[in-house]
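Structure assessment
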Amino acid sequence: MDKSMLQGADLDNLPEEDQKRMATMIDQLQIRDSLRLYNSLVERCFNDCVDSFTRKALTKQEETCVRRCAEKFLKHSMRVGMRFAELNQGAATQD
């Protein structure tokens, strides 16, 4: 969640202590979401691309697969985030 999304929520009327608490909660949610995204990326690309454990390092084919998988995953996540922001902005203007 982006802190700018809460500007319309009129947080300025809250006491300073509550504002700080809200900012801390938002930061924690952003960290949690980032870790979920990273873990999901690692799990998905590993499961899709790594075929065997006969070597310490990835094969060239596995490495290429992981790179493509990560790029696709991140592009998709960015697109979903942008779409979500567009929908939120549209919903806010309708109010």
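Per an unreviewed UniProt entry, the protein goes by Mitochondrial import inner membrane translocase subunit and derives from Rubus argutus. Of the protein, the UniProt comment under Subcellular location (unreviewed entry) reads exactly: "Mitochondrion inner membrane". Entered under Subunit (unreviewed entry) in the UniProt record, the comment concerning the protein runs "Heterohexamer; composed of 3 copies of TIM9 and 3 copies of TIM10, named soluble 70 kDa complex. The complex associates with the TIM22 component of the TIM22 complex. Interacts with multi-pass transmembrane proteins in transit."

Going through the model one piece at a time under the given rule, you end up with one aromatic pair. Between the aromatic rings of phenylalanine 46 and phenylalanine 53, the centroid separation amounts to 6.0 Å while the plane-to-plane angle is 35 degrees, which identifies the pairing as tilted.

A few words now on the packing of helix α1 (residues 16-49) against helix α2 (residues 60-94). Pairs of packed helices are described in terms of their axes, by the angle between the two and the distance that separates them. For the pair α1 and α2, interaxial distance at closest approach is 9 Å and the crossing angle is 140 degrees. The angle between the axes of α1 and α2 places the two elements in the oblique class. Of the two possible hands of crossing, α1 and α2 adopt the one that is right-handed. Where α1 abuts α2, its residues Leu37, Ser40, Leu41, Arg44, Cys45, Asp48 and Cys49 lie against Glu62, Cys65, Val66, Cys69, Ala70, Phe73 and Ser77.

Definitions and cut-offs
Residues numbered from 1 in each chain as written. Predicted model: local features only at pLDDT ≥ 70, side-chain atom pairs only at ≥ 80, totals over all residues. Heavy atoms only, no water. UniProt positions renumbered as here; feature names shortened; annotations may be inferred. Phe/Tyr/Trp six-rings, centres within 6.5 Å; stacked < 30°, edge-to-face > 60°. Axes fitted to C-alpha atoms, helices over the stretch in contact; angles between N-to-C directions. Helix = DSSP H or I, 4+ residues; strand = E, 2+ residues; numbered from the N terminus. Parallel < 35°, antiparallel > 145°, perpendicular 65-115°, else oblique. Left-handed = near helix turned anticlockwise from the far one by under 90°. Contact = heavy atoms within 4.5 Å.

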